[in-house]
Each structure stands twice: as structure tokens, then as C-alpha cells.
Amino acid sequence: GAVVSQHPSWVICKSGTSVKIECRSLDFQATTMFWYRQFPKQSLMLMATSNEGSKATYEQGVEKDKFLINHASLTLSTLTVTSAHPEDSSFYICSARELETYGYTFGSGTRLTVV
Amino acid sequence: DAKTTQPPSMDCAEGRAANLPCNHSTISGNEYVYWYRQIHSQGPQYIIHGLKNNETNEMASLIITEDRKSSTLILPHATLRDTAVYYCIVRVPMEYGNKLVFGAGTILRVKS
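Quantities reported herein were computed from a predicted structural model and do not represent experimental measurements. (Residues numbered from 1 in each chain as written. Chains lettered and ligands numbered in written order. Predicted model: local features only at pLDDT ≥ 70, side-chain atom pairs only at ≥ 80, totals over all residues. Heavy atoms only, no water.)

Chemist: Whenever I open this one, the packing of aromatic side chains confuses me. Can you help?
Modeler: Here the distance between the centres and the angle between the planes together describe a pair of aromatic rings. This model, assessed by the stated rule, comprises 11 aromatic pairs over all chains. Centroid distance Phe106 of chain A to Phe102 of chain B: 5.7 Å. Interplanar angle 85 degrees. Geometry classified as edge-to-face. Residue Phe106 of chain A is located in strand S10 (residues 104-106), and its partner Phe102 of chain B is located in the loop between strand S9 (98-101) and strand S10 (106-111); the two belong to separate chains. The pair Phe106 of chain A / Phe102 of chain B is uniform in exposure class, with both members buried. (Phe/Tyr/Trp six-rings, centres within 6.5 Å; stacked < 30°, edge-to-face > 60°. Helix = DSSP H or I, 4+ residues; strand = E, 2+ residues; numbered from the N terminus. Buried < 20%, exposed > 50% of the residue type's maximum accessible area, 1.4 Å probe, protein only.)

Below, the structure is given as C-alpha cells:
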């Protein structure tokens, strides 16, 4: 079946630095990828939708200058958390929609801890 | 905002069927219902989806009421490994395509 690889699986960074998270669709093309954030004991919250070759669409309340999204190819989207603060510590999960089947496959998530 | 409501938790005996309800009373005619589950600290796993008709696959069955305002996910023979958070999701349209907006989910505990 469709596989989405997310890297890294966990990262610790210092306050004020930037962190990049990669999301790759391994065996299918994804015109659309989604980025979610999940705090402990909460549900997934959609942050933004990225379409290959165009600007990302951010959900209300999500700072686009802080969470930079790039979807440069049909198999890769990246999320960069800029000037990270401890409150950005969370579980970040990407999802890719398969072009042909319209199925939504999720990555395994990235645990970000900002110290 | 999520368009679904689910009970916060349920228990099920191992080997028995687990029936997880979901209300989506504001669903529109062309919006699909998806079910995913999430085991602790992992990404959500696809289970099943449907529009109007009942659906079955190797994992589960999805029963959608005729008015489409609610649905039930059925795990026919629950095992301990089915313990997870189960999310009922209505796929909502956006300017280009659709997106999955998660609700709170149901914590299913399968007990021996």
C-alpha cells in the first residue's frame, strides 16, 4: 500500500533555532499534502495544506511566517518551524493524498521538543 | 471545525465485536465519512471510508444510516491490538480538493 515517510521521527532543538521536517510519499505521487499538529491527549489539528508548485493554504490562526511549507515536487513536502519556542513543542504529522486513488496516507509523525 | 461527535471512550471484550458510533448530522450530500485509528505516538492508520452505502473491508465494516446523519464502525472480532483512538472524520471541501478535519475521537480499550 501507499507509504509516507516522515523524517526525523524526533528532534530536540534550542529556542530561537529553526527545524525542518520532511514528508515523502515513497511509492505514489501526491499533488496535495497536509500538515497537522497534535498536543498531548488532544486530536490532530490541521495546520496547512500544500499543493505541489503553489503556495500553501494555512488554517485560521496558524502563522504562515512561522511555519514555512514547501511542496517542491510530487513526492516531497517540508515544514520548517522558524524561531522555535517551547510552546511549539508538539507532535507534527504529515499526510499525502494519492493522485490516483484520492486516499489519504499519514506519516509516522515527528516529535519536536524545543528547549 | 470538526463535523463529527463521538463518545470519548468505550470498552470492549476481546473477541467480541466493537461498535463505535459517530454522529455527523450536518454532513452534506457529497461529503465522505472516513475512519482512522491512532495508536499511541504513531500516525493515523486508515480503516475504511464511505459515502452512502455500507462498506466492508478486511479490517472493518462501516454502516451509514439512510439519512447519513450517523454511522457505526464495526470491528468484528476485537483483539488487544485494536486498542487505540478511533477517529470518525467527514471529508470537507476546500478551494482545491478536500481535507480531513479530525474530531476528538473515541478511545477504544479492548480488554481480555
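And the narrative resumes.
Chemist: For this particular structure, what's the right way to read unusual backbone geometry?
Modeler: Phi is mostly negative for residues that are not glycine, and the peptide bonds are mostly trans. That bond from His7 of chain A to Pro8 of chain A is cis: its omega, 0 degrees, falls within 30 degrees of zero. Residue position: Pro8 of chain A is located in the loop between strand S1 (4-7) and strand S2 (10-13). Positive phi is not limited to glycine here, since Lys41 of chain A has a value of about 60 degrees. Residue placement: Lys41 of chain A occurs in the loop between strand S4 (32-38) and strand S5 (45-51). Notably, Ser41 of chain B is not glycine yet its phi reads approximately 60 degrees, a positive angle. Structurally, Ser41 of chain B is set in the loop between strand S3 (33-38) and strand S4 (45-50). Using a relative accessible area of 35% as the deciding quantity, one classes Ser41 of chain B as partly exposed.

Chemist: Any chance you could explain the sheet that holds strand S3 (residues 19-25) of chain A here in plain terms?
Modeler: Adjacent strands of a sheet form backbone hydrogen bonds with each other and so pair up, either parallel or antiparallel. Residues and elements named next belong to chain A. Strands sit in the order S1-S3-S8-S7 across an open sheet of four strands; the sheet is antiparallel. At either end of the open sheet lies a strand with only one pairing partner, and these are S1 and strand S7 (67-73). Direction aside, the axes of adjacent strands within the sheet are offset by 15 degrees on average. By the bridge criterion, six bridges tie S3 to strand S8 (residues 76-81) in an arrangement that is antiparallel. The partner of Glu22 across the bridge, within S8, is Thr78. (Pairing = 2+ DSSP bridges. Axes fitted to C-alpha atoms, helices over the stretch in contact; angles between N-to-C directions.)

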